Amino acid sequence: HNQGHFGIFPTAGLNALDYEMGVFPIIHYTTGLAFALAALAGFLFMIFRHKKEDFFIASSVLVYLLFIGKYPVRLARYYIIIFPLLAVMAGVLFDALARNKKQFIKYTGFGLFILVFILTFTFGLAYATITINEDVRVTAGNWIEQNIPQGSAITFAPRTLTHTFPKFNFNKFTLNRSEE
């Protein structure tokens, strides 16, 4: 059987490319490209710097990603737990750049920090504005109640989950499941 998982180890056919293409996009799409790249650069910096304190943070993120990244279904909520560690890794890199004796590297690092901060803040603000608008299910439910006569039949897709239905009084209508 080649689908699903057995215990904590998935039995679905996953290769290295599938694993890599699953982990980075989740972090990228939930934190923004600037933060994801800064965290990746910080992770690589910590690995190659060879300090004991870096090992704990980098290895804990790596171990977590090795386990959680193998699952065929990758949900963003499973990655949220490591976001503070990703921020620390990016911060370690920016701190090292800021402490560099060469002025060009110091100012470049500071400029990159400001750029990553602004882009990440902007991404987070744009992401948060999604919740400002009314939920599309509420909008659809209001439209149904205003435009479809009471007692009419409403047909929905065969695989529609009930929690995705528009918010309206189901008792006023006859619900029919369509065939594929």
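Cut-offs applied
Residues numbered from 1 in each chain as written. Predicted model: local features only at pLDDT ≥ 70, side-chain atom pairs only at ≥ 80, totals over all residues. Heavy atoms only, no water. Helix = DSSP H or I, 4+ residues; strand = E, 2+ residues; numbered from the N terminus. Buried < 20%, exposed > 50% of the residue type's maximum accessible area, 1.4 Å probe, protein only. Contact = heavy atoms within 4.5 Å. Phe/Tyr/Trp six-rings, centres within 6.5 Å; stacked < 30°, edge-to-face > 60°. Patch = residues over 30% accessible without salt bridge, like charges linked within 9 Å, V, L, I, M, F, W, Y side chains within 5 Å. Areas by Shrake-Rupley, 256 points an atom, 1.4 Å probe, with all protein chains shown as cover. Salt bridge = Lys/Arg side-chain N within 4 Å of Asp/Glu carboxyl O. Expected span 1.5 Å × (residues − 1). Core = buried A, V, L, I, M, F, W, Y, C linked by side-chain atoms within 4.5 Å. Axes fitted to C-alpha atoms, helices over the stretch in contact; angles between N-to-C directions. Parallel < 35°, antiparallel > 145°, perpendicular 65-115°, else oblique. Left-handed = near helix turned anticlockwise from the far one by under 90°. Nonpolar A, V, L, I, M, F, W, Y, C, P; charged D, E, K, R; others polar.

A.B. asks: Help me understand the overall build of the chain in this model?
C.D. replies: Helix and strand counts for the chain stand at six helices and four strands. The helix and strand sequence of the chain, counted from the amino end, reads β-β-α-α-α-α-α-α-β-β. Taken across its 180 residues, the chain has 24% of its residues classed as buried. In the chain, the share of contacts with a sequence separation of at least 24, taken over all contacts with a separation of at least 6, comes to 54%.

A.B. asks: What's the story with the environment of K106 in this structure? I'm lost.
C.D. replies: Inspection of the secondary structure puts K106 in helix α5 (residues 103-128). Along the primary structure K106 and D95 are separated by 11 residues, whereas in three dimensions their C-alpha atoms are 9.3 Å apart. If sequence neighbours within four positions are ignored, K106 has contacts with L97, A98 and N100.

A.B. asks: Explain the packing of aromatic side chains here, please?
C.D. replies: Each pair of aromatic rings is reported with the distance of its centres and the angle of its planes. Throughout the structure, instances matching the rule amount to three aromatic pairs. Here the aromatic rings of F117 and F121 are separated by 6.4 Å at their centres, their planes lie at 10°, and the arrangement is stacked. Placement of both F117 and F121 in helix α5 is noted, with a separation of four residues, approximately one turn of the helix. Chaining the aromatic ring pairs together yields one cluster made of F94, F113, F117 and F121.

A.B. asks: What is the right way to read the environment of I105 from this model?
C.D. replies: Position of I105 relative to the elements: it lies in helix α5. Taking the relative accessible area as the measure of exposure, I105 reaches 27% and is therefore partly exposed. Sequence-distant contacts of I105, defined by excluding residues within four places in its chain, comprise L97 and N100.

A.B. asks: What is the right way to look at a nonpolar patch on the surface in this model?
C.D. replies: Among the surface-exposed residues, F110, F113, I114, F117, I118, F121 and L125 lie close enough to one another that they form a single nonpolar patch of about 710 Å² accessible area. Position of I114 among the secondary structure elements: in helix α5. Judged by relative accessible area, I114 falls into the partly exposed class, the value being 34%.

A.B. asks: Honestly, helix α3 (residues 52-68) in this entry has me stumped. Any pointers?
C.D. replies: Residues spaced three or four apart along an α-helix point in a common direction, a consequence of the helix completing one turn every 3.6 residues. With 17 residues, α3 should reach 24 Å at 1.5 Å per residue; the first-to-last C-alpha distance of 25 Å fits that figure. Of all the residues in α3, the buried ones are D54, I57, A58, S59, V61, L65 and I68.

A.B. asks: Help me understand the nonpolar core in this model?
C.D. replies: Counting 18 residues, the largest nonpolar core has Y79, I82, L86 and M89 as the members making the most contacts within it. Counting only elements with at least two residues in this core, the list comes to α1 (16-31), α2 (33-49), α3 and α4 (83-98). Contacts of M89, omitting those with residues within four sequence positions, involve A39, G42, F43, M46, I57, A58 and V61. Residues A34, A38, A90 and F94 belong to the second largest nonpolar core, which totals five residues.

A.B. asks: What am I meant to see in the pattern of salt bridges here?
C.D. replies: If the charged atoms of two oppositely charged side chains come close together, the side chains can form a pair. Scanning the model with the defined rule gives two salt bridges in all. Across the salt bridge formed by R99 and D95, the nearest N and O atoms sit 2.9 Å from each other. Residue class for R99 comes out exposed when judged on its relative accessible area of 65%. Under the relative-accessibility criterion, D95 is labelled partly exposed at 37%.

A.B. asks: Explain the packing of α2 against α3 to me, please; I cannot follow it from the model alone.
C.D. replies: The geometry of α2 relative to α3 is characterised by a closest axis approach of 9 Å and an angle of 130° between their N-to-C directions. When the interaxial angle is binned, α2 and α3 end up oblique. For the pair α2 and α3, the sense of crossing is left-handed. In this structure, α2 contributes F43, M46, I47 and R49 to the contact, and α3 contributes D54, I57, A58 and L62. Residues belonging to the contact of α2 with α3 are distributed by class as follows: six nonpolar, no polar and two charged.

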